[in-house]
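Structural overview
Single-letter residue listing:
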Amino acid sequence: MQKLIYKFSSGLFSVKNHEKIKGLAIAELNNPLKKNALSKQLLVEMRQSISELAASKNINCVILRSSTSGTFCAGADLKERIGLSNFETELVVKNLRDTFNQIANLPQPVIGVIDGFALGGGLELALACDLRIITKSSILGLPETGLAIIPGAGGTQRTPRVIGVALAKELIFTGRRLSADESLKIGLVNYVEEDGQQANNRAENIATQILQNGPIGVRAAKAAINRGMEVDIESGLKIEEQLYYQVCHSQDRLEGLKAFGEKRKPQYKGE
């Protein structure tokens, strides 16, 4: 049996090592009866599993997906919100926001595989990933304004950073749902594949390419990009400089140079 890195008894969210690709973890949403709606229990399991991933030195890439074909995430569990006070609702949304921040801040690259609907919180979850691969049947959107609210778990901030301000405003103001081809055209996703299997294959192929590189370098590159996007370019260049100095002192950097000189594949250890 494949060893789970972290798993709870209800099994709404789990993380396991990939069976064949060393260094790759598969994180799965597993609540098909509710179309993986983001319930309180699911978020509890997700946050504790993500904490475990963040501390792992042996996992250098993550694929986030649903265990159920054709179902990614329908968004927030609105049934849980019925009858909540304003204060309780604010706490629920804060929990969502903190969870997605936790995913976005994972040191490892995260590849989201979306097969089916990714609406509201479902799309915000996908936006917390570094790369997004969807199937042709997928539908994406941020429909919150239709409920007289706004995307409150990162949607108003991550969407313009991915597709630009004007397109993000149109998507959020109208609440329009996007087809897979439309999502690709505006740069909301990286790839569109025929079905879930092909989307997973694409994700594993990209993960394999990432895992061939030095994990210290990849993690530093992610940190440099993410942190640099939040500041002006001069400050961003300072961040890049600091992170370069850090990787410059690694054993992996010396191994990379040695392997290049000896015309062989480097054996990186993340040190």
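Here goes a summary of the coordinates provided. What you see is a predicted model, and the numbers here were worked out from it, not measured in a lab.

1. Quick look at the pairing of strand β7 (residues 131-135)
Along β7, four of the five residues are buried, which leaves the element largely enclosed by surrounding structure. Judged from the four bridges that link them, strand β5 (residues 110-114) and β7 form a sheet pairing that is parallel. Residue pairing across strands places G112 opposite R132, the latter belonging to β7. In terms of strand pairing, β7 meets strand β10 (residues 191-193) through three bridges, oriented parallel. When the sheet's bridge partners are listed, I134 is paired in β10 with V192.

2. Things to note about the nonpolar core
Side chains of a nonpolar character, in soluble globular proteins, are inclined to be buried together. Within the largest apolar cluster, 44 residues are counted, with the highest numbers of intra-cluster contacts made by F13 and M46. When contributions to this core are tallied by element, the ones reaching two or more residues are β2 (13-17), β3 (24-29), α1 (40-55), β4 (61-66), α3 (86-104), β5, α4 (121-127) and α6 (165-174). With five residues, the top contributor of residues to this core is α1. Setting aside residues up to four positions removed in sequence, M46 forms contacts with F13, L29, L38, T99, I103 and L125.

3. Some words on the sheet that holds strand β6 (residues 117-119)
Taken together, three strands build an open sheet; the order of strands is β6-β8-β9 and the sheet is mixed. With partners counted over all chains shown, the strands left at the sheet margins are β6 and β9 (177-178), one partner each. For β6 and strand β8 (residues 139-141), the ladder comprises three bridges, and the chain directions are parallel. Each residue of the ladder has a partner; that of F117, found in β8, is I139.

4. Some details on the packing of helix α5 (residues 155-163) against α6
Across the interface, α5 lies against α6 with an axial gap of 7 Å and an inter-helix angle of 135 degrees. Relative to α6, α5 is oriented oblique. α6 is crossed by α5, and the crossing has right-handed handedness. Residues G155, T156, T159, P160 and I163 of α5 touch α6, and the partners they reach there are V165, L167, A168, L171 and I172. Along the lines of polarity and charge, the residues of the contact of α5 with α6 split into seven nonpolar, three polar and no charged.

5. Examining the packing of aromatic side chains
Aromatic rings considered in pairs are described by the distance between their centres and by the relative angle of their planes. Tallied over the entire structure, the rule returns zero aromatic pairs. For the cation-ring pair, R202 lies above Y191, with the distance from its terminal atom to the ring centre recorded as 4.1 Å.

6. Considering the side chain of S39
Looking at the element boundaries, S39 is found in the loop between β3 and α1. Exposure remark for S39: the relative accessible area of 4% places this residue in the buried category. Residues within four places of S39 in sequence aside, it is in contact with L12, D77 and E80.

7. Points about helix α8 (residues 196-211)
Taking 1.5 Å of rise per residue, the 16 residues of α8 would be expected to cover 22 Å, and the 22 Å separating its terminal C-alpha atoms lies within 8% of that figure. Looking at α8, one finds that the buried residues are G196, A199, N200, A203, I206, A207 and I210. For α8, the buried positions fall inside an angular range of 125 degrees around the axis, keeping them on one side. On its buried face, α8 sits against β3, β4, β5, β7, β10 and α9 (215-228).

Calculation notes
- Residues numbered from 1 in each chain as written.
- Predicted model: local features only at pLDDT ≥ 70, side-chain atom pairs only at ≥ 80, totals over all residues.
- Heavy atoms only, no water.
- Buried < 20%, exposed > 50% of the residue type's maximum accessible area, 1.4 Å probe, protein only.
- Helix = DSSP H or I, 4+ residues; strand = E, 2+ residues; numbered from the N terminus.
- Pairing = 2+ DSSP bridges.
- Core = buried A, V, L, I, M, F, W, Y, C linked by side-chain atoms within 4.5 Å.
- Contact = heavy atoms within 4.5 Å.
- Axes fitted to C-alpha atoms, helices over the stretch in contact; angles between N-to-C directions.
- Parallel < 35°, antiparallel > 145°, perpendicular 65-115°, else oblique.
- Left-handed = near helix turned anticlockwise from the far one by under 90°.
- Nonpolar A, V, L, I, M, F, W, Y, C, P; charged D, E, K, R; others polar.
- Phe/Tyr/Trp six-rings, centres within 6.5 Å; stacked < 30°, edge-to-face > 60°.
- Lys NZ or Arg CZ within 6 Å of the ring centre and 35° of its normal.
- Expected span 1.5 Å × (residues − 1).
- Arc of directions from axis to C-beta.

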